[in-house]
Amino acid sequence: MTTIPPLPTALQTRAHEIGRRYPRDFVWGAATAAPQIEGSTDADGRTPSIWDTFARVPGAVADGDTLDHADEHYFRWRDDIALMSELGLDAYRFSIAWPRIVPTVDSPANRSGLDFYDRLVDELLSRGIEPFATLYHWDLPQWQQDRGGWADRSVAHRFAEYATRVAERLGDRVHKWMTLNEPWVYVFLGHLDGVHAPGIRSEEHAVRAMHHSLLAHGLGTQALRAVLPSDGRIGIALSMSPAEPATPTPHDGAAADRFDLYRNWLFLHPIMRGEYHPGTSELFRAEIPIEDGDLDVISHPIDFVGINYYSRGVVRADDSIPVMRARETPPPGVVTAMGWEVHPQGIADIIAQTHERYAPAAIYVTENGSAWDDEVTDEGAVFDTGRVDYLTAHLTAAATCLEGGIPLRGYFAWSLLDNFEWAEGYRKRFGIVHVDYPTQRRTVKQSGAVYRSVALAHETEV
Ligand code: FCB
């Protein structure tokens, strides 16, 4: 059993003051994703995802790491939920592995796959932790990739069928749903830059994958609505990164505008407005495969927008970069182990911009966090000062949004556990809980204790 490390009084007070700036019913959560934590990649009928395949391409993932074991969450889930409870969490954002639920193109729903999430949800609820389920966090079944992946329109219909199967089983108990996680990342890093699965480098593929992701979101939303009770709430989690020009020249100003559209509004605009943003046609040479009625489906109303925020982009014009024709400059100031700038104001800026542009009924920060080169002391403690500073500074900045009347309803720390960080493998640690991979031992970091104090601020006196 893990324990929460004691905090120095100054840190305890700081955490408490931050927590008190948020309303009592604010949702404090932590997030993970199936392929990053579950392991057991061939258990109970699961078939490979595109990340299982990609991780086996030599050089694709740092140190040749694979998803095979990860955090062994597939059989340690009960202890992990006990840990969430110790951390005082109100909610847990997890993803469901599509290849566990639909192992082959024509198979019926896989009972044992569904059983896993069923038990997970029941255990969460028994601990008073609200489940927030994401249907797609990048683990496309390999069988769909073999049929053209996201570039083939069939994916959107298959996603909707999968959504129906999951909602029929869990919809009586899970009230918060996200269709897709960060389509910008898997579409463009996966199909244009080729550094994520499926490792394709083609603008045409990327543009097709973009449109079919939007369509999958829309059809998935409709499918969920048809099954969920009236208190079901549906959203999407989008990566966002406010843009700033590196210099005041018009050239760099235009580059920052392109970055802003590409990274922040490319997906959200059609969802909220029923049309592609007018600037979209200037980004791409490839044609978007829109068919009649698609935009009505894509803009089927949603209930909340999830923002995943890590850093901003300071950019300059560079015509050699495809699509965006802009390059991120080395950030000034402190950077994390990912090389991402620590820029707390950015979280408040991007929440405010989302609210001003589209006014969704609710906004959640569905991911925010940082990677650092953590060390475990001989006494078994992790003093992750960089992460503590990052966390407290971002929560302090985000609180200003509430004071401005924005409907920010919750915050999810990325991540509950150190885990498989995609192309970076297990090298980069984002957890508020440390995982020693050989022993699978969990150790709550100092940031985890700070987060607990924030989350419980209304329940405790300092
Ligand atoms: C986001 C992903 C998440 C995690 C963090 C660091 O882009 O959604 O899975 O890897 O970055």
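Position labels on residues start from 1 in each chain and follow its written sequence. Since the coordinates come from a predicted model, pLDDT governs what is reported: local features require at least 70, and pairs of side-chain atoms require 80 or more to be given and counted, while whole-chain, interface and lining totals use all residues. For side-chain calculations, the full set of non-hydrogen atoms in the structure is used, while hydrogens and water are omitted.

Topic: the site of the ligand
- Near the ligand you find Gln-36, His-137, Trp-138, Asn-181, Glu-182, Tyr-310, Glu-367, Trp-414, Glu-421, Trp-422 and Phe-430, and these make up its full shell.
- His-137 is positioned with one of its side-chain polar atoms (N or O) 2.8 Å from an oxygen atom of the ligand.
- With respect to the ligand, the side chain of Asn-181 contributes an N or O atom lying 2.9 Å from an oxygen atom.
- To be clear on the numbers: accessible area is Shrake-Rupley with a 1.4 Å probe, and residue cover counts the displayed protein chains and nothing else. Here the ligand loses 95% of its free accessible area of 300 Å² to cover by the protein chains.
- Considered class by class, the residues forming the shell around the ligand number 5 nonpolar, 3 polar and 3 charged. Residues are classed as near a molecule or strand on a simple rule: at least one heavy atom within 4 Å of it. Side-chain atoms alone can form a polar contact between residues adjacent in sequence; in general such a contact is a pair of N or O atoms within 3.5 Å, and within protein one must be able to donate a hydrogen while the other accepts it. Gly falls in the polar group here, along with every residue not listed as nonpolar (Ala, Val, Leu, Ile, Met, Phe, Trp, Tyr, Cys, Pro) or charged (Asp, Glu, Lys, Arg).

Regarding the packing of helix H6 (residues 111-126) against helix H8 (residues 154-170)
- Throughout, an axis means a line fitted to C-alpha atoms (over the contacting stretch in the case of helices), and angles, computed between N-to-C directions, take values from 0 to 180 degrees. For the purposes of this entry, the term helix denotes a DSSP run of H or I that reaches at least four residues, the term strand denotes a run of E that reaches at least two, and both are numbered from the N terminus. Contact geometry of H6 with H8 gives a least axis separation of 10 Å together with a crossing angle of 45°. Comparing the axis directions of H6 and H8 gives the class oblique. By crossing handedness, the relation of H6 to H8 is classed as right-handed. Judged by residue contacts, Arg-111, Leu-114, Asp-115, Tyr-117, Asp-118 and Val-121 of H6 engage Arg-165, Val-166, Arg-169 and Leu-170 from H8.
- For the contact of H6 with H8, a count of residues per class yields 5 nonpolar, no polar and 5 charged. In what follows, roughly perpendicular refers to angles from 65 to 115 degrees, roughly parallel to angles under 35, roughly antiparallel to angles over 145, and oblique to any angle outside these ranges. Crossing handedness: left-handed means the near helix sits turned counterclockwise from the far one by under a right angle, and right-handed means the same turn made clockwise. Here a residue-residue contact requires only that any non-hydrogen atoms of the pair lie within 4.5 Å.

Things to note about the sheet that holds strand E9 (residues 326-328)
- The strand order across the open sheet built from 3 strands is E6-E8-E9, with neighbouring strands paired in mixed fashion. Each end of this open sheet is capped by a strand with a single partner; those strands are strand E6 (243-245) and E9. Sheet twist, expressed as the mean angle between neighbouring strand axes with direction ignored, is 40°.
- One bridge is not enough; two strands pair if DSSP finds at least two bridges between them. Examined bridge by bridge, strand E8 (residues 313-317) and E9 share 3 bridges and lie antiparallel to one another. Bridge pairing in E9 links Arg-316 to Arg-327.
- In this fold helix H11 (residues 250-265) packs onto E6, E8 and E9, with an angle of close to 125° to the strand it touches most, E8.

Some words on empty space enclosed by the protein
- Grid spacing is 1 Å over the protein atoms alone, the probe is 1.4 Å, and a cavity is where that probe fits but cannot get out, while a pocket is an open set with protein on both sides within 12 Å along at least five of seven lines and lining residues have an atom within 4 Å of a point. Grid points are joined across faces, edges and corners, and a volume is the space filled by probe spheres set on the points. Taken as a whole and assessed by the stated rule, the structure comprises 4 cavities of 30 Å³ or more.
- Of the voids in this model, the largest cavity is the one considered here, and its volume is about 60 Å³.
- In this structure, the largest cavity is lined by Glu-182, Pro-183, Trp-184, Leu-238, Ser-239, Tyr-262, Arg-263, Asn-264, Trp-265, Leu-266, Phe-267 and Leu-268.
- Those elements that provide at least two residues to the lining of the largest cavity are helix H9 (183-191), strand E5 (233-240) and H11.

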